[in-house]
Amino acid sequence: MNQYLDIAVNLIGSHLEQDLNRVINEAAGEGVSPLIIIGSHLDESRNCIQVCRQYPQKVYTTAGVHPHHASEWQTESAAELKLLAGQPGVVAIGECGLDYNRDFSPRQQQRQAFEAQLALAVELQYPVLMHQRDAHDDFLAILDDYLEALPAALLHCFTDGPKQAEDYIARDLYLGVTGWVCDERRGQDLVSALPLIPDNRLLLETDSPYLLPRSMRPKPKSGRNEPKYLPYIAQAVADIRGQSLESLARQCFSNSLRFFKLESIHG
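Bear in mind that the values here come from a model prediction, so they are computed numbers and not experimental data. (Residues numbered from 1 in each chain as written. Predicted model: local features only at pLDDT ≥ 70, side-chain atom pairs only at ≥ 80, totals over all residues. Heavy atoms only, no water.)

> Can you help me understand the overall build of the protein chain in this one?
The number of helices and strands found in the protein chain is ten helices and eight strands. The C-alpha atoms of the protein chain give a radius of gyration of 17 Å, which matches the 18 Å a tight globule of 267 residues would have. Along the three orthogonal principal directions, the C-alpha set of the protein chain runs to about 50 × 40 × 35 Å. Taking as baseline every contact in the protein chain between residues at least 6 positions apart, the subset at least 24 positions apart corresponds to 75%. Taken as two groups, the 24 positive and 35 negative side-chain charges of the protein chain have centres that lie 6 Å from each other. (Helix = DSSP H or I, 4+ residues; strand = E, 2+ residues; numbered from the N terminus. Rg over C-alpha atoms; globule rule 2.2 N^0.38 Å. Contact = heavy atoms within 4.5 Å. Lys, Arg positive; Asp, Glu negative; His and termini not counted. Charge placed at Lys NZ, Arg CZ, Asp CG, Glu CD.)

Here is the structure:
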């Protein structure tokens, strides 16, 4: 059985939380373990850390403030996040970045929270897991000020096309790919960009419970995506890139361990 690491699972604060034990165990049964769960605001990050304590070496977490929650970022937030980042199981700062598609927080506050979290990642020498939607130019302008000092940077749920991919590849970013590639209506830009991503910078994710692969048959009755479906996404990515599933899975697992500094535990 191939081994996978799902680099973005919205386990806490979503419908998956009520089935937490089942979700983790069923994923492991499909070779998807460990899981990286996402902290999208400070309280959620604290809850994610508790899950890591319950499932050591099966679940790890990020700690950060998503742009949707950037309006919650206060003067003391950086100090609070620094304390959270030091807790066992925390492997990256994030999810942080910019989202100009929904603008749930004012853009200036998004930029301030993003910069503050990048600065903290530099200070702590933590990898950073980032989000960008409809904010490509501002995202790069901010990131470029910190990139050289960051140990590693990941744009998760990459859905754009070749032009954006080339910008990120030029900056040596890791790119997380989801079941968006399985959507024949919206995923064609990503399909075009996928062969451009270097083997050593490609990561796989479900972003569950969102982005259930549109081409999956039969579809789960719940309509929710889960980490256990990551092998389906991996097969689609391998087909598009003209690689064997075994080779792709092995490379992406190795990339994930390297990015999150987990090689000594799971290598």
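> Help me understand the pattern of salt bridges, please; the structure alone is not making it clear to me.
Side-chain pairs of opposite charge can arise where the charged atoms are in close proximity. Taken as a whole and assessed by the stated rule, the structure comprises 18 salt bridges. Among the ionic pairs, Asp 103 bridges to Arg 107, the shortest N-O distance being 3.0 Å. On the accessibility criterion, Asp 103 (33% relative accessible area) is partly exposed. The salt bridge involving Asp 183 is made with Arg 185; its shortest N-O contact spans 3.2 Å. Judged by its relative accessible area of 4%, Asp 183 falls in the buried class. Salt bridges sharing common partners tie together Asp 19, Arg 22, Glu 26, Arg 224, Glu 226 and Lys 228. (Salt bridge = Lys/Arg side-chain N within 4 Å of Asp/Glu carboxyl O. Buried < 20%, exposed > 50% of the residue type's maximum accessible area, 1.4 Å probe, protein only.)

> Sorry if this is basic, but what is going on with the packing of helix H5 (residues 136-143) against helix H6 (residues 162-170) here?
For any two helices packed against each other, one specifies the inter-axial angle together with the distance between the axes. Here H5 crosses H6 at 5°, and the two axes come no closer than 12 Å. The angle between H5 and H6 places the two elements in the roughly parallel class. Here H5 contributes His 136, Phe 139 and Leu 140 to the contact with H6, which in turn contributes Gln 164, Asp 167 and Tyr 168. Along the lines of polarity and charge, the residues of the contact of H5 with H6 split into three nonpolar, two polar and one charged. (Axes fitted to C-alpha atoms, helices over the stretch in contact; angles between N-to-C directions. Parallel < 35°, antiparallel > 145°, perpendicular 65-115°, else oblique. Nonpolar A, V, L, I, M, F, W, Y, C, P; charged D, E, K, R; others polar.)

> Is there a simple way to explain the sheet that holds strand E7 (residues 174-177) in this structure?
Through backbone hydrogen bonds, the strands of a sheet pair up, either in parallel or in antiparallel fashion. Taken in spatial order, the eight strands of this open sheet run E1-E2-E3-E4-E5-E6-E7-E8, and their pairing is parallel. Each end of this open sheet is capped by a strand with a single partner; those strands are strand E1 (4-9) and strand E8 (202-204). Within the sheet, the average angular offset between the axes of one strand and its neighbour, ignoring direction, is 30°. Pairing geometry for strand E5 (residues 128-133) and strand E6 (residues 153-155), over three bridges, is parallel. Paired with Val 128 across the two strands is Ala 153, which belongs to E6. (Pairing = 2+ DSSP bridges.)

> Teacher, can you tell me more about the pairing of strand E2 (residues 32-37) here?
Look at any regular strand and the pattern is simple: side chains alternate between the two faces of the sheet. Here E2 lies mainly inside the structure; five of its six residues are buried. Each parallel crossover has a hand, and the one from E1 via helix H1 (residues 20-29) to E2 is right-handed. In this structure, E2 lies alongside strand E3 (residues 59-63), joined through three bridges in parallel fashion. Looking at E3, one finds that Ile 37 is bridged to Thr 61. (Right-handed = clockwise from strand over helix to strand, strands pointing away.)

> Looking at this structure, I do not really get the UniProt feature "binding site: a divalent metal cation 1" (unreviewed entry) in the protein chain. What am I missing?
Per the UniProt entry, the sites bearing "binding site: a divalent metal cation 1" (unreviewed entry) are His 15, Glu 95 and Asp 207 in this numbering. You can see His 15 is positioned in the loop between E1 and H1. Checked against the element boundaries, Glu 95 lands in strand E4 (residues 90-99). Every residue in contact with Glu 95, bar those within four places of it in the chain, is listed here: Ile 38, Gly 39, Thr 62, Gly 64, Val 65, His 66, Pro 67, Leu 129, His 131 and His 156. (UniProt positions renumbered as here; feature names shortened; annotations may be inferred.)

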